[in-house]
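Notes for the structure review
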Amino acid sequence: MDALIKGLVATLPVVEVAFLRYVVGSCVMAAIAAIQQPGWPRPDTVRANALRAVLVVVTATCFFYGLGVLPLAEALILSFVSPLFTALLAVLLLGERLSARILLAIAAGFGGVLVIVLGSQGAWGEGASGATRAHSLWGVAAVLVSALTYSASNVLLRARAQRDPVILIVLIQNVAPALMLAVPAWLFWRMPNAGEAARLALVGALGVAGHLCLARAYAGAEAIRLAPLDYTALVWAVLIGFFAFAEVPTLWAVTGAVLILAGAFAGSRRRA
């Protein structure tokens with residue numbers, strides 16, 4: 001989905017891409033809800049998930065912007081700080097226990113991210129113009145903001161996933177952002193062509209599939225244990241980078257990946 005979005009925001013406004021992603025998602029979820037019939041949401045369900053929808057909108061628009069101005073791998077690497085935020089917010093807001101094993105797992109994963117960042121020579125526009133550097137810095141800031149709001153939304157998801165039907169959670173998390181983004185998207189609207197429309201439809205479908213899986217996961221496991229698993233996105237980033245953009249992983253990237261995956265495995269493994 002990120003790879004498709006990176007191509008789309010090169011030709012379409014970020015808010016339009018985000019809006020249409022949630023419009024498609026709303027249509028898909030409405031069809032699923034019509035089949036599953038989870039019932040009408042309670043007022044507290046609507047309020048809590050509407051608050052989370054605000055975080056979802058900030059996450060999507062900031063990350064989509066970052067994808068547009070940064071290389072795909074760099075944007076994904078920066079987003080890997082989100083599990084650290086998730087674990088810390090889970091401790092502060094949900095009262096979950098931060099064991100030494102979880103702390104070491106997150107440290108290993110975050111250390112892997114640092115290895116990749118430190119090993120990427122010329123990252124973030126070295127030798128580029130001042131305007132390009134500033135644009136890149138805004139992209140970095142946007143991705144870091146999206147990582148924080150993504151973590152906060154996941155902590156709220158953990159709090160609601162054990163109370164509300166998953167179908168209703170994901171439905172609200174598509175309908176509410178679509179409504180919030182409708183006016184900004186209209187202000188910057190550019191009619192997508194047939195190819196862009198097809199990719200936008202696929203983005204929406206992939207977003208729904210990912211959100212359903214995420215809600216199921218947070219309904220069945222602690223946020224603090226799921227946080228390190230976000231680091232496995234690096235595997236997909238490497239594969240997409242290789243097949244879609246002909247990017248060959250460096251030794252630094254491989255070393256970082258080993259640390260990240262080791263941390264993810266250790267953090268998610270249940271005690272015997």
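Residues numbered from 1 in each chain as written. Predicted model: local features only at pLDDT ≥ 70, side-chain atom pairs only at ≥ 80, totals over all residues. Heavy atoms only, no water.

Going by what an unreviewed UniProt entry lists, the chain is known as DMT family transporter and is assigned to Enterovirga aerilata. The UniProt entry for the chain carries this comment under Subcellular location (unreviewed entry): "Membrane". Here the chain is described in UniProt, under the heading Sequence similarities (unreviewed entry), as follows: "Belongs to the drug/metabolite transporter (DMT) superfamily. 10 TMS drug/metabolite exporter (DME) (TC 2.A.7.3) family." (UniProt positions renumbered as here; feature names shortened; annotations may be inferred.)

We now examine unusual backbone geometry. A positive phi angle, close to 50°, is found at Q37, a residue other than glycine. Here Q37 shows up in the loop between α2 (14-36) and α3 (43-69). (Helix = DSSP H or I, 4+ residues; strand = E, 2+ residues; numbered from the N terminus.)

Here we take up the nonpolar core. Ranked by internal contacts, the top residues of the largest apolar core, which has 38 residues, are I5, V17, F63 and F64. It is α3 that contributes the most residues to this core, 6 residues altogether. Setting aside anything within four residues of it in sequence, one finds V17 in contact with I5, L8, V9, L12, F64 and L200. Counting residues in hydrophobic clusters, the runner-up holds 14 residues, among them V166, I169, V208 and A221. (Core = buried A, V, L, I, M, F, W, Y, C linked by side-chain atoms within 4.5 Å. Buried < 20%, exposed > 50% of the residue type's maximum accessible area, 1.4 Å probe, protein only. Contact = heavy atoms within 4.5 Å.)

Residue placement: A108 occurs in helix α6 (residues 100-119). For A108 and P228, which are 120 residues apart along the polypeptide, the C-alpha to C-alpha distance reads 9.4 Å. Once residues within four sequence positions are removed from consideration, A108 is found in contact with L259, I260 and G263.

For the rest of this paragraph, the subject is the side chain of R52. Within the element layout of this structure, R52 appears in helix α3. Buried charged residue R52 carries no salt bridge. Nearest counter-charge: D164, at 9.3 Å. Excluding residues within four positions of it along the chain, R52 makes contact with S153, N154, L156, L157, I169, Q173 and H211. (Lys, Arg positive; Asp, Glu negative; His and termini not counted. Salt bridge = Lys/Arg side-chain N within 4 Å of Asp/Glu carboxyl O.)

To continue, consider a nonpolar patch on the surface. Residues V235, W236, L239, I240, F242, F243, F245, V248 and L261 make up a contiguous nonpolar surface patch of about 880 Å² in total accessible area. In terms of residues, the nonpolar patch owes the most to one element, helix α11 (residues 233-245), which gives 7 residues. On the accessibility criterion, L261 (36% relative accessible area) is partly exposed. (Patch = residues over 30% accessible without salt bridge, like charges linked within 9 Å, V, L, I, M, F, W, Y side chains within 5 Å. Areas by Shrake-Rupley, 256 points an atom, 1.4 Å probe, with all protein chains shown as cover.)

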